[in-house]
Amino acid sequence: MNSSGDAKTKCDVSFTVNGEVKRLRVHPMERLLDVLRNELGLTGTKEGCGEGECGSCSVLLDGLLVNSCLIPVTQADGSNVVTIEGIAAHSLLHPLQKAFLECGGAQCGICTPGMILAAVHLLEKKPEPTQAEIREGLAGNLCRCTGYMQIFEAVTKAAQQRVVR
Amino acid sequence: MANSKEGHIVGTSAPRKEGRDKVTGAARYVDDMVLPGMLYGATVRSTTARGKIKKISFDPRVAWDEFVVVTAKDIPGQNCIALILDDQPCLAAETINHPEEPILLLAHADRHKLRKAVEAVSIEYETLPPVHTLQESEKQSTIIWGADNTFKTFLVEKGDVDSVWKDAAHIVEGEYFTGAQEQLYIENNGVIAAFDPEHGVTVWGSLQCPYYVHKALMALCGLPEDKVRVVQMETGGAFGGKEEYPSMIGGHAALLAMKSARPVKIVYDRMEDMVATTKRHPSRTRHRTAVSKDGKILGGEIEFVIDGGAYATLSSVVLSRGTIHAGGPYYWPSVRIRTRAMATNTPPHGAFRGFGAPQSLFAMERHMDRIAEVVGISPIEIRRRNFLKPGQTTTTQQTIHENIDLDQLLSRALELSDYHAKKKHFAVENKTRARKKGMGIATFLHGAGFTGSGERYLNSLVGVEARADGVVRVLVSSAEFGQGTNTVLCQIAAEALNLPYENVVIAQPDTTVVPNSGPTVASRTAMIVGKLVQSAATGIKHTLAEAGLLSEDYTPEQFRAACREYLAAHGPLKSEVRYEAPPGVYWDDEKYRGEAYAAFAWAVYVAEVTVDLTTYSVTVDDFVALQEIGKVLHPVLAEGQITGGVAQAIGFALYENVVWQDGRMVNNQMTNYIMPTSADLPPIRVFFEQNGNIHGAHGAKGIGELPMDGPAPAIVNAVEDAIGVRFHSIPLLPEDLFHALEEEPPVASSSLPAFTRGAR
Amino acid sequence: MRADPADYKLVSPGSLQSVLALLSAEPKQWLPIAGGTDVMVLYSAGKLPNRDLVSLWNIPELRQVEVLPNEIRVGAACTFTALRNHHFISREFSLLATAASWTGGIANQNRGTLGGNIANASPAADSLPALLVYDAELTLVSIRGERRLPYREFHTGYKQTALEPDELIRDISLPRRFSGYISYTRKVGARNAQAISKVCLAALGRIANRTIRDVHLALGSVAPTPLRLNETERMLSGKKVEPSLFEAARRTVAHEIRPIDDIRSTARYRAAVAGNLVVEFLEKLAAESAHS
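The present account deals with the structure reproduced in this document. Numbers given to residues run from 1 along each chain, matching the order in which its sequence is written. Here chains are named by letter from A upward and ligands by number from 1 upward, in the order in which they appear as written. Since the coordinates come from a predicted model, pLDDT governs what is reported: local features require at least 70, and pairs of side-chain atoms require 80 or more to be given and counted, while whole-chain, interface and lining totals use all residues. Only hydrogens and water are set aside; all other atoms, that is, all heavy atoms of the structure, feed into the side-chain values.

1. Remarks on the pattern of salt bridges
Residues and elements named next belong to chain B.
So, point 1. Salt bridges are counted wherever a side-chain nitrogen of Lys or Arg sits within 4 Å of a carboxyl oxygen of Asp or Glu. Scanning the entire structure with this criterion turns up 83 salt bridges over all chains.
So, point 2. R383 serves as the salt-bridge partner of E365, at 2.8 Å between the closest nitrogen and oxygen. One end of the pair, E365, is in helix α8 (residues 357-375); the other, R383, is in helix α9 (residues 379-384), and 18 residues separate them in sequence. Here the two residues E365 and R383 agree in accessibility, since each one is buried. Strands here mean DSSP runs of E at least two residues long; helices mean DSSP runs of H or I at least four residues long; both are numbered from the N terminus. A 1.4 Å probe rolled over the protein chains alone gives each residue an accessible area, and that area as a share of the maximum for its type sets the label: buried under 20%, exposed over 50%, partly exposed in between.

What follows is the structure, given as structure tokens:
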């Protein structure tokens, strides 16, 4: 972590990340993305654009999908954050992670954490999404490698598995 | 993935080797890595397009003694990015030739202080008149590079072009343009460099070609081969945008590391990456074709010109590929193809999937529809009458030996896309609807591997080694960046050795560990490197057999035992294979004639579009991509390459516009540079045919770039089908449709306002 | 990331009164930030001139949606997701719910707020034309008290608003009198999702006997502010909905709007498409009035 400046302009923030409570002393305008990556070492969340367009920085904040590059960390105070590191249950992959692997949903992998978070969020809100709903749910996550087709397949497959379960 | 006696791992969708790391966030990209004592590096760049540096001032309010400062004077070796012509400086010393040209480098432990320091350097220039368009460059009234602004020219001649015009029933002319395109990998360019006098320079980076960077660093840092080490990290997309550029950013980080003796990380943000790094070469193609009464091409002239930006970099090779593909998959009895790469004062353009072929094939496929119209036959029929057949020669006089039947491929694509029925239906519907629909096709080819003697020049070396526990490790410099290198090469090795896929791993590309198997470009990895991996893996088997440790049929346990014994008795068990050019393959670099590529993949693409006359926008509703690719090594990966390439090409055709102002990209943010989202793309339906290929692993041909060539012309052909208006330029934006439909005919290029494309 | 967090202050007083007290004590000093989907983009690009920010994110009274007999009052910090999901808003103010679904992707809708969209005052903002045609009213508050302002008076120039330096938007009132109106909205952007609009039309019409009794039209991205098409509305009022009306409407629209060339599009394109959208709305009125 490398922000310069006065220790007294920092403030205390605490929030839960992937089930663990974290207490930090940070500048209030640190982006949640940078705090996750640099303070907490959770580098699974990526920066692709810094303008809330690509969705690579997507995380769940109190159950809602957000772009962490646009969140001042103090606004996450008291919240529950879930990052890609918190999606698998220890070594057991989430059905979406398995489906991404089976269907080719991840190629270069840089959009994948955000994409999976967006898909997790979608399936929580709409367990049986139509193709149009999948497209809309993922429209804020840009993928340059796949052309999206195999990502849609992965989400459809994971949805079917959950329904079966 | 169970392994049967015959193998059959190749041809199945084996699990992506690094897939689990990617879906769990464990994959390590450059910016995820931090080294102890690491500094951050940044680049001070030119704000003028062309001129001389008069003065560099450092704001005295900054504590400059805290910073590492590097200028051209600090370069220990040669101030250039060694590539082909070596004309591009690493840091501008006196002369500036493009906006955002790097001038000096700063490093500091605090990223924020660093950024403020970059802003605290002011540079005064004596500006010189810049050249910003192809026409200006060709006019040569201002010379900005060499003697005549020309990086490279090619001339391809076949038959007797000058004699075809008199017998021609039709002479068809056309002029076609393609704009710049940003690769837009979701991970920006980034590297970390470290230096110590004992080991030399190490660079970890997001890159495609570790040995390109290695060569460039040797020259820049003045270090011998064994004092430069390049390691590829997990790379978040590349598409050619990380073919040559990493030598520049890697060089910058290395210089800062050498000066400071601390590790230095340089990672661009999106704005810097878009404004300062390479893009697809804009192009202009002119066709003049002599056609017989019944629609057969008698001959023609093709002029193909690309804008290379300020320095030569890879323009000669892009030009080469564009030249060779300019005639499409057709038989030309006679042809003259004249091509040029010109200089302009813009950041150098570079490699991007397709590498010249999407540009010249756009023109060819638009032109075929034009020829059809003049002759009075359909776009289908004109192609049937001119397709290359086995035994015929291409424009470079390469004989097609393989049994390709383009006629049948076209018929199949038309059936898969329901082309005829839809066209008929749309013709009726369009009469009464404001949303007009149309169908368009493109038929094309893509040569895999380096051109002509290129593969011989690359002289690729591949290694496979076996460990005492029976695990086999593939050693190549071929990089994984999503296309499936790791997976496919391990499949091939596993199949060659009749071992379970899980027993084969691949080394991270590290120039101290892996040999130079050539760059990860030109659709060569599966086909050429794969074949070498196959040979090298087979070599392991033979070594063990010759040592009497392995019989012809063996189990994985027996293999493991044999390895253990061999290593104990003889030491390392490694097999290396070097590329050998196939016999009887002849290429003339002077006349640009002969066997250009070891293999061509062939394709027919069909686009169904809607043109909405309320908003003048074009959407692609359905897309069929049918291609003959030799052998599908991995169904999921192969399909992924095609859908991804088609998506990028749809962007190329309809969405991705670089807005230039004085040689600088001004829409350098994702908000304003538009790539398609999941809500914009049609279902992309992918189909393969597999006719084999004697030169490729398991008969595979390269496919990485093929899908970039067809969609744009298919779409623009479909737009013409929908509304009867001919467009010759991409990206085709709603504003262009509006202009063509509702306003005067296009105005002359010199009076185009600033917010239009610069390709013209 | 082109800003140094150490140079910025972000305070979160947590109640409306304390925020207002701060704005009053140091006027023009504190920039309110709600979901941050506009402010943080500028900040990251190094283009945010303000150094002191006050958070509106954690103020419950700004998030409520009150359903009253004659109006629905939407708290300024209501997110686009909340707007889309609200039963009464999606039913009675569908143009606003639709605009909310167009504003960025899901992640941005979860954070972006209606009040933020209004206060940021971009003429390209998606929800503003809908607010104009719904005759929205804003309640502006300061420690001095509150006042109600018709939304159509809020935007005074390009990114200029009627907000006093110590004022906040507290809520947006939507009068519940548009059942029986035919509604239409369309956004034209560079792509289907996550696009800044090139032109955006929101329209409401009430017809009887194929005659236009009342029509509200508002366009985004064709003027320095979101624009209610007063002239075109006057011209259309009382007219029979038939094709001969359409060209006259197109001409009046062209006369009223002030589109520009910018990095996304051209003035001529915007003008043409704006006219086309209005005609498309009138065609919808014609089609639906054929059934009435």
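There is more to say after this.
2. A few points about the sheet that holds strand β9 (residues 190-196) of chain B
Residues and elements named next belong to chain B.
So, point 1. The sheet built from seven strands is open, its strands ordered β3-β5-β1-β12-β9-β10-β11 with mixed pairing. In this open sheet, the two edge strands, each paired with only one partner strand, are β3 (68-70) and β11 (228-232). Taken pair by pair, the neighbouring strands of this sheet meet at an average axis angle of 25°, ignoring direction.
So, point 2. Each pair of strands is called paired provided DSSP finds at least two bridges between the two strands. Bridging between β3 and strand β5 (residues 102-108) involves three bridges; their strand directions are antiparallel. Within β5, the residue paired with V68 across the bridge is A107.
So, point 3. The criterion used for residue contact is that any of the two residues' heavy atoms lie within 4.5 Å. The axes used here are C-alpha line fits, helices contributing only the stretch in contact, and every angle between their N-to-C directions lies in the interval 0 to 180 degrees. In the packing of helix α2 (residues 111-119) onto the sheet, contacts are made with β1 (39-45), β5 and β12 (264-267), and the angle to β1 comes to roughly 15°.
So, point 4. Contacts from helix α5 (residues 245-260) reach β1, β3, β5, β9, β10 (200-205) and β12 within the one sheet, and its direction differs from that of β9 by about 35°.

3. What about the interface of chain B and chain C?
So, point 1. Tallying the contact residues gives 31 residues for chain B and 27 residues for chain C.
So, point 2. Buried area: the sum, over both parts, of the accessible surface (1.4 Å probe) that disappears when the two are put together. Of the roughly 2,500 Å² buried between chain B and chain C on both sides combined, carbon and sulfur atoms contribute 54%.
So, point 3. Summed over the shared surface of chain B and chain C, the result is six salt bridges.
So, point 4. Distance and chemistry together define a polar contact, namely a pair of N or O atoms within 3.5 Å, with one atom able to donate a hydrogen and the other to accept it when in protein, and with adjacent residues in sequence counting only for side-chain atoms on both sides. Seen at the junction of chain B and chain C, the total is 16 residue pairs in polar contact (both at pLDDT 80 or more).
So, point 5. Listing elements by their share of the side of chain B that touches chain C, those giving two or more residues are α2, α6 (270-276) and α18 (734-742) of chain B.
So, point 6. Of the residues contributing to the side of chain B that touches chain C, the split by class is 13 nonpolar, nine polar and nine charged. Any residue outside Ala, Val, Leu, Ile, Met, Phe, Trp, Tyr, Cys, Pro, Asp, Glu, Lys and Arg is labelled polar, Gly included; the first ten of those are nonpolar and the last four are charged.

4. Section: empty space enclosed by the protein
Empty pockets left among the atoms are what a rolling probe the size of a water molecule brings to light.
So, point 1. Think of a 1 Å grid over the protein atoms and nothing else: a 1.4 Å probe that fits but is trapped marks a cavity, an open set flanked by protein within 12 Å on at least five of seven lines marks a pocket, and residues with an atom within 4 Å of a point count as lining. Grid points are joined across faces, edges and corners, and a volume is the space filled by probe spheres set on the points. Counted under the stated rule, the structure contains six cavities of 30 Å³ or more.
So, point 2. Roughly 150 Å³ of internal volume is contained in the largest cavity.
So, point 3. Considering the residues around the largest cavity, the lining is formed by 16 residues, among which B:Q88, B:Y245, B:M248, B:T278 and B:P348 are closest to the centre.
So, point 4. Here the lining of the largest cavity is built from residues that sort into eight nonpolar, five polar and three charged.
So, point 5. Residue ranges for the domains trace back to a domain assignment, done automatically or taken from a database. Taken together, domain 2 (33-128 + 184-276) and domain 3 (283-451 + 593-751) of chain B each give at least three residues to the lining of the largest cavity, which thus spans both.
So, point 6. Forming the boundary of the second largest cavity are 13 residues, of which A:C49, A:G50, A:E51, B:M271 and C:S44 lie nearest the centre.
So, point 7. Residue classes in the lining of the second largest cavity are distributed as five nonpolar, three polar and five charged.

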